Amino acid sequence: MRFTLFFRRRRLLPLLLVSLLLVVSQAAAQVIPTPQTMIPSPPQLAASSWILMDAGSGRVLVEHNADERLPPASLTKLMTAYLVERELNQGNIAPDDLVPVSEKAWRTGGSKMFIEVDTQVPVSELLQGIIIVSGNDASVAMAEHLAGGERPFADLMNQHATRLGMHNTNFVNATGLPDDNHYSSARDLALLSQHIINDYPDHYATYARKQFSYGGIEQPNRNRLLWRDSSVDGLKTGWTESAGYCLVASAKRDDMRLISVVMGTASDEARAQETQKLLSYGFRYYESLKLYDAGAVLNTPRVWGGDKNELRVGVDHDVVMTVPRARSAELTAKLDIRADLTAPIAAGDRVGTMEVRQGDEMVGERPLVALESIEEGGWFKRLFDQVQRFFTNLIGGWFD
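About the cut-offs
Residues numbered from 1 in each chain as written. Predicted model: local features only at pLDDT ≥ 70, side-chain atom pairs only at ≥ 80, totals over all residues. Heavy atoms only, no water. Pairing = 2+ DSSP bridges. Helix = DSSP H or I, 4+ residues; strand = E, 2+ residues; numbered from the N terminus. Axes fitted to C-alpha atoms, helices over the stretch in contact; angles between N-to-C directions. Contact = heavy atoms within 4.5 Å. Salt bridge = Lys/Arg side-chain N within 4 Å of Asp/Glu carboxyl O. Buried < 20%, exposed > 50% of the residue type's maximum accessible area, 1.4 Å probe, protein only.

Before going further, it helps to examine the sheet that holds strand β11 (residues 244-253). Spatially, β5-β4-β12-β11-β10 is the arrangement adopted by the five strands of the open sheet, whose pairing is antiparallel. The sheet is open, and its two borders are formed by β5 (60-64) and β10 (232-240), each paired with just one other strand. Averaged over all neighbouring strand pairs, the angle between strand axes comes to 5°, with direction disregarded. Pairing of strand β4 (residues 49-54) with β5, which is carried by four bridges, proceeds in the antiparallel orientation. Bridge pairing in β5 places Met53 opposite Val60. Contacts from helix α6 (residues 186-199) reach β4, β5, β10, β11 and β12 (256-265), with the element oriented near 145° to β12.

In structure tokens:
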């Protein structure tokens, strides 16, 4: 069962179409079509790997070596912070829970929050220390608190990496300190960042903090773009000798949020400049459109053998698509709904697929779900529907 929908948004659609008619010898006419938006080639960066993704739609706008396995340095702490946020969100820990600081956490080298051994530090403070000042000591302390040690915590990190579809990632520690078997990719880190932004938005403001003070020591966030671009509000920097200078950034302008990952640049300044090139390109030449709200009824197909004859079908998440600017009129959606739907059907059951196309290019696919439950009808209703379905299928829907 297929349906095609054409989008006509009041704010963006219809687009103004202009044709110029030139009359030659009162007989010939020439129509000059409206030019499409011209999009230049993406910028080439002085980096090992990069990617630019729309946080809402997940569409990748630019990529280079995005699946190459590289040392992520302190970008690792995005997963460390994500797991802390997940535990907070599920109520397994509380922001004011006190975490003991072990000698191992205290002795961990690299960037520090400067927590003291044999003290207790609230979870909320450690999370800020991980995100804002990239504290290795804070990361180890939280790993020990959540999993009993850094190794078992790394195992937990890898389980969640698999769950999130991070296919080119393996963690052996919570900090990103060098190890030959510790790696990730630009695509995987963009996907993780998308989940950080969308899954736990209540915690996201921390990534925009420019300074953090603990124990009388104030340290700056190393993400230079937080000072240079007011639309940038995250996420994390990283550096080791083997990884080079890395930056995962996110910026929001109007209704569009982009995520960029740049790995393996030569300096702190270079990672900021190369990231700014990606973000500027994405915002200049693309736009994000919300096509449907979660819960919107898109179709009401026939259901057999139920206490209702029709099922409300739609999407359970907002449908957001990213397209070149001024080309939204080309979007169409096709609903492919499973034939012969039979009760019982539970709310949330997948019953089909929506394909969104821009011209001939498919730019997105979303599941169609039941927006309500339909129980089985009584004995007579089921029998009647069986007979009706038989004749409907036999003679082409006369009774539908």
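Applying the stated criterion to the full structure yields 18 salt bridges. Note that Asp268 and Arg271 form a salt bridge whose closest N and O atoms lie 3.1 Å from each other. Pair noted here: Asp268 and Arg271 are both in helix α8 (residues 268-285), with a separation of three residues, about one helical turn. Note on Asp268: relative accessible area 22%, which makes it partly exposed. Look at Arg271 and you get buried, because its relative accessible area is 4%. Here the salt bridges do not stand alone but share partners, grouping Arg224, Arg228, Asp268, Glu269 and Arg271 into one network.

Another aspect to go through is the pairing of strand β20 (residues 350-358). Across seven bridges, strand β18 (residues 331-337) lies against β20 in antiparallel orientation. Its bridge partner being in β20, Thr332 is matched across the sheet by Arg357. Across eight bridges, β20 lies against strand β21 (residues 361-370) in antiparallel orientation. Note that in β21 the partner of Arg350 across the bridge is Val369. Between β20 and the antiparallel strand that follows it, β21, lie two residues; Gly359 among them carries a positive phi value of about 65°.

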